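Descriptive analysis of the structure
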Amino acid sequence: MSEFKNRDIWVFIETDEGKVKSVGLELLTPGRMLADKAGEELVAVILGRDNEEAVAQVRQYGADRIISVEGPEYGKYSFDAYTYAMAELVQTYGPSAVLIGATNNGRDFGPRLSCRLRTGLTADCTSLDYDAESGNVAWTRPAFGGNLMAVIMCPNTRPQIGTVRPGVFKKLPVDQKEVQVIRENISVPAEKIRTRLVDSVREAASGIVNLEDAEIIISGGRGMGGPENFKLLEELAGVLGAAVGASRAAVDAGWIGHARQVGQTGKTVGPKLYIACGISGAIQHLAGMSGSDCIVAVNKDPEAPIFKAADYGIVGNLFEVLPVLTEEIRKLKA
């Protein structure tokens, strides 16, 4: 068993303008599992300008306690302010592990925090478990281009810290008991904040459904043949209320933006329905969407690996299949 006195599993709840990002709620699911196996408590940590809405959301997802830190310096993500505040909290409470979403901000925040605390960090994890014999979290992440899954432990320092891909775990609301909310007042000295956000510009495509939050995703691969053919996916997505994704091959070819990439080097998603069109099913792509509830594959090659992962397969030319599928769904909805 672990020789450390550190206790409790912490989940950092990332917010955007006071609203909770899905990844924080997702991480409360494995956090609950780890806490139960370790015989510890699950604690959600929120930093923000006004956390009332976020606290109300987090209450529904299984945390035993919520630590809320509010202040104007936390209104927008600032690596200086967030690292300072979280380091103060860790030194005060002594958690055994901290889970952080592997978002753009999380991938910046996690390494800075681990460096400040002189502890280790396992990045971009896709699975978590608890090793009862050693008392360590077993962090699993892809290695060697996704061809190997490495299990990493941090036995020598605490807290153990890891970033976990969004979309890997499901948000699971629970019948909630009373949740203790601890409000900490941590003011960051002005000289500690070396940068400030002057302005933020939303992408022109901000109205498009976020892949990580989408319940239905339709993705295209090399078999789409060119950027103009993604209109077929957009038409089907419009009928289903879905988001459009892509494989790395389509992104590398310049047919669609990197923000739409699903897979090892893109987004990890877990929608209710994932439709793969013209995607062969390389292991790197499967790593990003295998957690989908239902997978439908459309490919003219009956031997394509994607069919082994699919719940339903359509062997056929996608340029013939997709227009018919779109029209039939349109009729049903009418």
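Residues numbered from 1 in each chain as written. Predicted model: local features only at pLDDT ≥ 70, side-chain atom pairs only at ≥ 80, totals over all residues. Heavy atoms only, no water.

Regarding the domain arrangement of the protein chain
Split into domains, the protein chain comes out as domain 1 (9–192) and domain 2 (216–333). Using C-alpha coordinates to define each centre, domain 1 is positioned 32 Å away from domain 2. One can count one salt bridge joining domain 1 with domain 2. Where K170 meets D293, a salt bridge forms, and the shortest distance between an N and an O atom there is 3.4 Å. Taken together, the links from domain 1 to domain 2 amount to four residue pairs in polar contact (both at pLDDT 80 or more). Of the residues contributing to the side of domain 1 that touches domain 2, the split by class is three nonpolar, four polar and two charged. (Domains from an automatic or database assignment. Salt bridge = Lys/Arg side-chain N within 4 Å of Asp/Glu carboxyl O. Polar contact = N/O pair within 3.5 Å; in protein donor to acceptor, adjacent residues only side chain to side chain. Nonpolar A, V, L, I, M, F, W, Y, C, P; charged D, E, K, R; others polar.)

Quick notes on the sheet that holds strand β12 (residues 180–184)
Here we have seven strands laid out as an open sheet, ordered β7-β11-β6-β1-β4-β5-β12, and parallel in their pairing. Of all strands in the sheet, those with a lone pairing partner are β7 (121–125) and β12, marking the two edges. Put simply, the sheet's adjacent strands are angled 20° from each other on average, direction ignored. Relative to strand β11 (residues 160–164), β7 is paired through three bridges, and the arrangement is parallel. Among the inter-strand pairings, C125 is bridged to a residue of β11, identified as V164. Along the sheet face, helix α1 (residues 22–38) touches β1 (9–13), β4 (42–48), β6 (97–101) and β11 and points at about 180° away from the line of β1. Running over the sheet, helix α3 (residues 79–93) touches β1, β4, β5 (65–70) and β12 and is turned about 160° from β1. (Pairing = 2+ DSSP bridges. Helix = DSSP H or I, 4+ residues; strand = E, 2+ residues; numbered from the N terminus. Axes fitted to C-alpha atoms, helices over the stretch in contact; angles between N-to-C directions. Contact = heavy atoms within 4.5 Å.)

A look at the pattern of salt bridges
Tallying each qualifying case throughout the model produces 18 salt bridges. Between R183 and E52 there is a salt bridge, with the nearest N and O atoms lying 3.2 Å from each other. Taken together, the residues R183 in strand β12 and E52 in helix α2 (residues 52–58) connect sequence positions 131 residues apart. Residue class for E52 comes out partly exposed when judged on its relative accessible area of 42%. R107 is paired through a salt bridge with D124; the nearest N and O atoms lie 2.8 Å apart. Of this pair, R107 sits in helix α4 (residues 104–117) while D124 sits in strand β7, and the two are 17 residues apart along the sequence. A relative accessible area of 43% places R107 in the partly exposed class. Given a relative accessible area of 13%, D124 falls into the buried group. Via salt bridges that share partners, D8, E41 and R65 belong to a single interconnected network. (Buried < 20%, exposed > 50% of the residue type's maximum accessible area, 1.4 Å probe, protein only.)

Some details on unusual backbone geometry
Residue R158 is joined to P159 through a cis peptide bond whose omega torsion reads 0°. The backbone of E17 sits at a positive phi, close to 55°, despite the residue not being glycine. Following the sequence through the fold, E17 ends up in the loop between β2 (15–16) and β3 (19–20).

Some details on the packing of helix α5 (residues 230–240) against helix α9 (residues 318–333)
Helix-helix packing is characterised by the crossing angle of the two axes and by the distance between the axes. Remark: α5 packs on α9, axes separated minimally by 9 Å, with the N-to-C direction vectors making an angle of 20°. Taken as axis vectors, α5 and α9 run roughly parallel relative to one another. Helix-helix and strand crossings are classified by hand; for α5 and α9 the assignment is left-handed. Only L318, F319, L322, P323, L325, T326, I329, R330 and K333 of α9 make contact with α5, whose side of the interface consists of L232, L233, E235, L236, V239 and L240. For the contact of α5 with α9, the per-class residue count stands at 11 nonpolar, one polar and three charged. (Parallel < 35°, antiparallel > 145°, perpendicular 65-115°, else oblique. Left-handed = near helix turned anticlockwise from the far one by under 90°.)

Digging into the packing of aromatic side chains
With the rule as written, the count across this model stands at six aromatic pairs. Relative to Y82, the ring of F12 lies with its centre 6.2 Å away and its plane at 80°, an arrangement referred to as edge-to-face. Taken together, the residues F12 in strand β1 and Y82 in helix α3 connect sequence positions 70 residues apart. On the basis of relative accessible area, F12 is assigned to the buried category, the value being 5%. (Phe/Tyr/Trp six-rings, centres within 6.5 Å; stacked < 30°, edge-to-face > 60°.)

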